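# Commentary on secondary and tertiary structure
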Amino acid sequence: MVTDSAQPVPDHENFGIAWVNEDYFDSIAFNEVMITTEEDINEEQLLQDIEEKSEPSSLLSTTKQQQHVSYNMVDSKVTTIKNMRFALPVLFFLIAAGISFISMGRHIETERSQIAIFKALGTKKVFILIHYLFYPTITTLAGTVIGTAVGTTIFPNVLISTLSVLFSLPDITGQGFIMYALGGFLMALVLSGLATILACRLIFKENPAQALRPKPPKSGKKALIERLPIVKNKLSYLHLLIIRQMTMNKRRFLLSSFGILACTGLTIGALGLKFAFDDVIDTEFNQVKNYDISASLVEPKPIEEIDNYELEDASFPSPYTSGSVTIDRDIETTYHVIDHNNHDINLFHLDQEIDLNDHGIVISEKLATEHNIKVGDTLSLSVFTPTNTSEELDVQVKEVYTSYTSQGIYLTYDYLTANDVTLPVTRLFYSVEQPNHLSELKTELAEYEDLTRIALKRDQEEDYRSGSESINSIILIMIIASIILVIVVLYNISSINIFERRREIATQKVLGVLPGEINKQILTENIILTTLSVLLGMVCGHFIYKWLSEAIIPEEMAFPQNINLMSIPITILIVYVFTLLVNLFLKRRIKKIQMVESLKSVE
């Protein structure tokens, strides 16, 4: 449970609720009634009927479960995790399935002589297909079993452990989701099987004698870069050989680049989310909130009385009021009321500070975008006041502000007064020039009997970071999985490339090309392939970041629209480091290629 929307996570040490049987008291007056409704009931009509029938009594307000601050806080965390449950597996699965499709198709192409032997021996095509479909079936089944085991043990435990820091949870154990696992298995099997069938069909069209021989090498021709006068005379033999290899095998080059491109984009998107969470918290507590201490009033007070809470070693208290508001009888959000001379809360948009005046309201960018609200529009507000009454007024939108942690509208006390609406103050903000006096000032404020929930901004920031641990843990898993996928893709693609070119490498060995030069050639090709893939992956990563941020973000939050640039060099460093490591491992495979066996393997 939380006390209000300003508290990001539960404070179990200072606030809680105890349930006591009514028989424990001799007599007690109830001040709240909780109603459980049927699933098909119209809640809005029910609330309206209750308010109409209770007008003569002492009923002051009604609140739906979804509007309760504690429910909203828990629902926000759970909704984010639910959204990630869909977004992350789909993204990883699509990339893995695409790589599997490419790898399986290229694997079948290397088996063309074996397929030709089957055909020459009179084996029916359907049996050849079944033989080669057995491989993707086994690998897909093994991957599904291992993935399901890991997914139902590691990931739930990580989530439960992080959520247990915030909430008192019952004993929760991970459960297997057979239907999800079965669906993933079938989709992966269809894609890898489709690649196998398409590759086999191309070989089936050839007669056995033709398929037994390796594909004739493509005729070499000058690449476009070789025709440039500036470059033509500066190309070494090694560089010329690499360029010819890439231009003669465009299909292999493009298919290889897809896997690295996808992994690069995924890693950039994952790191972008991590930096976005950090940017959200830093912006909220270092740019928007400039106060050092906040204190809530036990009972709302008129703005004229706030000078009674002035402190000697702090700035004059800034008044603040918040509550629920309905815009145009349809949009439910939060209003924030501050003084026009306020310096403790800074609103900004596009890095420009907004001067809140007394001539209209300022609306959050996400709220305005979702409901197509523009500057200059006139809105009808139904304001739910701290004294449990409702006020109606028409306002004009003057500015749009950027907010990452909460959405709503800002307006001033003077603007409300000009519209015949007077709201009392519910919270006070203090700024302190000497941070080492914060604890003393907090103690001094605690002596006021009508002040409660006195909090330091630095403690609120720490609470917010703690509240984001559950999301950060998921993002960390995503980053680790992205890096593992990069390693697997690089090794898999490079291994297939070397296997396909074993005759070519053996020929170079026969011609006296040194092993170091062959390794340098393969490394240079991989570096060029990685460089081009990374350049395209940077663009792809931006779109992945946008998609992920929209998919997992809670309703009341917003992420920066532009990805943090630091995620790009970090991803580039990761990809290049593992490209070099993979090449070191592949040196042994190149060294093991036997010249005689490779050159006479077909004959």
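Now for a quick tour of the structure.

Here the focus is the side chain of Glu206. Its location among the elements puts Glu206 in the loop between α6 (178–204) and α7 (208–212). Residues in contact with Glu206, not counting those within four places in the same chain, are Arg112, Lys119 and Ala211.

Moving on, we get to helix α13 (residues 438–446). Within the sequence span of α13, burial applies to Leu438, Leu441 and Leu445. Along α13, the residues classed as buried sweep out an arc of 65° about the axis, all on the same side. Facing away from the buried side of α13 by more than 90 degrees, the exposed set consists of Glu440 and Ala446.

Next up on the list: the pattern of salt bridges. Counted under the stated rule, the structure contains one salt bridge. Put simply, Lys289 and Glu284 hold a salt bridge, and the shortest N to O gap is 3.5 Å. As far as burial versus exposure is concerned, Lys289 and Glu284 are alike and both buried.

Negative charge collects at one region of the surface, where Glu312, Asp313, Glu440, Glu444 and Glu447 lie side by side. With respect to the helices, strands and loops of the structure, Glu440 is situated in helix α13. The exposure class assigned to Glu440 is exposed, which follows from its relative accessible area of 53%.

Now for the packing of aromatic side chains. For the structure on display, the rule yields five aromatic pairs. Summarising the aromatic geometry, the rings of Phe277 and Phe559 are spaced 5.0 Å apart at their centres and angled 75° between planes, so their arrangement reads as edge-to-face. Placement of the pair is Phe277 in helix α10 (residues 250–288) and Phe559 in the loop between α17 (515–552) and α18 (567–591), with a sequence separation of 282 residues. Phe559 carries the same exposure label as Phe277, and that label is buried. Seen from their ring centres, Tyr291 and Phe429 are 4.2 Å apart, and the 5° between their planes marks the pair as stacked.

One finds Leu273, Met478 and Phe559 to be the most contacted residues of the largest nonpolar core, which totals 52 residues. Those elements giving two or more residues to this core turn out to be α2 (69–109), α9 (237–248), α10, α15 (469–500), α16 (502–510), α17 and α18. Other than its neighbours up to four places away in sequence, Leu273 contacts Ile475, Met478, Tyr545, Leu548, Ser549, Ile552 and Phe559. Ile293, Leu379, Val425 and Tyr430 belong to the second-largest nonpolar core, a separate cluster that totals 41 residues.

Attention now moves to the packing of helix α4 (residues 125–151) against α6. At a minimum axis separation of 9 Å, α4 and α6 run at an interaxial angle of 150°. By the criterion of interaxial angle, the relationship of α4 to α6 is roughly antiparallel. For α4 against α6, the interelement crossing comes out right-handed. Contact residues: α4 offers Lys125, Ile128, Leu129, Tyr132, Leu133, Pro136, Thr137, Thr140, Leu141, Thr144 and Thr148, while α6 offers Ala181, Phe185, Ala188, Leu189, Ser192, Gly193, Thr196, Ile197, Cys200 and Phe204.

Before going further, it helps to examine the packing of helix α3 (residues 112–120) against α6. Closest axis-to-axis distance for the α3/α6 pair is 10 Å, and the angle between their directions is 60°. Classified by the angle their axes make, α3 and α6 are oblique. Where α3 crosses over α6, the handedness of that crossing is right-handed. The segment α3 lies against α6, with Arg112, Ile115 and Lys119 engaging Cys200, Ile203 and Phe204. Along the lines of polarity and charge, the residues of the contact of α3 with α6 split into four nonpolar, no polar and two charged.

For Thr321, the position within the fold is in strand β2 (residues 318–327). Thr321 sits in the buried class, given a relative accessible area of 0%. At a separation of 2.7 Å, a polar atom in the side chain of Thr321 contacts the side chain of Tyr413. One polar contact links the side chain of Thr321 to the main-chain carbonyl oxygen of Pro424, over a distance of 2.6 Å.

Rules used in this analysis
Residues numbered from 1 in each chain as written. Predicted model: local features only at pLDDT ≥ 70, side-chain atom pairs only at ≥ 80, totals over all residues. Heavy atoms only, no water. Helix = DSSP H or I, 4+ residues; strand = E, 2+ residues; numbered from the N terminus. Contact = heavy atoms within 4.5 Å. Buried < 20%, exposed > 50% of the residue type's maximum accessible area, 1.4 Å probe, protein only. Arc of directions from axis to C-beta. Salt bridge = Lys/Arg side-chain N within 4 Å of Asp/Glu carboxyl O. Patch = residues over 30% accessible without salt bridge, like charges linked within 9 Å, V, L, I, M, F, W, Y side chains within 5 Å. Areas by Shrake-Rupley, 256 points an atom, 1.4 Å probe, with all protein chains shown as cover. Lys, Arg positive; Asp, Glu negative; His and termini not counted. Charge placed at Lys NZ, Arg CZ, Asp CG, Glu CD. Phe/Tyr/Trp six-rings, centres within 6.5 Å; stacked < 30°, edge-to-face > 60°. Core = buried A, V, L, I, M, F, W, Y, C linked by side-chain atoms within 4.5 Å. Axes fitted to C-alpha atoms, helices over the stretch in contact; angles between N-to-C directions. Parallel < 35°, antiparallel > 145°, perpendicular 65-115°, else oblique. Left-handed = near helix turned anticlockwise from the far one by under 90°. Nonpolar A, V, L, I, M, F, W, Y, C, P; charged D, E, K, R; others polar. Polar contact = N/O pair within 3.5 Å; in protein donor to acceptor, adjacent residues only side chain to side chain.

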